[in-house]
Amino acid sequence: METGDLSERLRSHDPAVGLRAVGALHRLAEQVEAAAVARARQQGWSWEQIGDALGVSRQSAHAKHGK
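Residues numbered from 1 in each chain as written. Predicted model: local features only at pLDDT ≥ 70, side-chain atom pairs only at ≥ 80, totals over all residues. Heavy atoms only, no water.

With an unreviewed UniProt entry as reference, the chain is termed Homeodomain-like domain-containing protein, source organism Streptomyces cirratus.

Undergrad: Help me understand the overall build of the chain in this model?
TA: Counting its secondary structure elements, the chain contains four helices and zero strands. Over its C-alpha trace the chain gives a radius of gyration of 15 Å, far above what one expects of a compact globule, namely 11 Å for 67 residues. Dimensions along the principal axes, computed over C-alpha positions, put the chain at roughly 45 × 20 × 20 Å. Excluding contacts between residues fewer than 6 apart, the proportion of contacts in the chain whose partners are at least 24 apart in sequence is 15%. A total accessible area of about 5,100 Å² is found for the chain, and carbon and sulfur atoms account for 53% of it. Put simply, the chain has 9 plus and 8 minus side-chain charges, and the middle of one group is 5 Å from the middle of the other. (Helix = DSSP H or I, 4+ residues; strand = E, 2+ residues; numbered from the N terminus. Rg over C-alpha atoms; globule rule 2.2 N^0.38 Å. Contact = heavy atoms within 4.5 Å. Areas by Shrake-Rupley, 256 points an atom, 1.4 Å probe, with all protein chains shown as cover. Lys, Arg positive; Asp, Glu negative; His and termini not counted. Charge placed at Lys NZ, Arg CZ, Asp CG, Glu CD.)

Undergrad: Is there a simple way to think about a nonpolar patch on the surface in this case?
TA: Together, L10, V22, L25, L28 and V32 make up an exposed nonpolar region whose accessible area comes to about 390 Å². With four residues, helix α2 (residues 15–42) is the single largest residue contributor to the nonpolar patch. Mapping L25 onto the fold places it in helix α2. (Patch = residues over 30% accessible without salt bridge, like charges linked within 9 Å, V, L, I, M, F, W, Y side chains within 5 Å. Salt bridge = Lys/Arg side-chain N within 4 Å of Asp/Glu carboxyl O.)

Undergrad: Just to check I follow, could you spell out the environment of H65 for this structure?
TA: Tracing the backbone shows H65 in helix α4 (residues 58–65). Judged by relative accessible area, which is 12%, H65 ranks as buried. Between the C-alpha atoms of H65 and E33, which are 32 residues apart in sequence, the distance is 9.3 Å. Apart from the residues lying within four places of it in its own chain, the contact partners of H65 are E33, A34, V37 and W47. Side chain to side chain, H65 and E33 meet in a polar contact 2.6 Å long. (Buried < 20%, exposed > 50% of the residue type's maximum accessible area, 1.4 Å probe, protein only. Polar contact = N/O pair within 3.5 Å; in protein donor to acceptor, adjacent residues only side chain to side chain.)

Dropping the structure here:
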């Protein structure tokens, strides 16, 4: 889904279209978060630093992204 297409869907008056767009945004945000966490870990960031940046505890960040 392209950004323009998503933008149009978010403005739709049809709740089904809007809710599908919200789901797409959630999936995109998860992908962006995972990539940013991977980069931070590659650069030596601690789980505490990552958690602070995400607004969650280090344990929560590690539980979600630690391998």
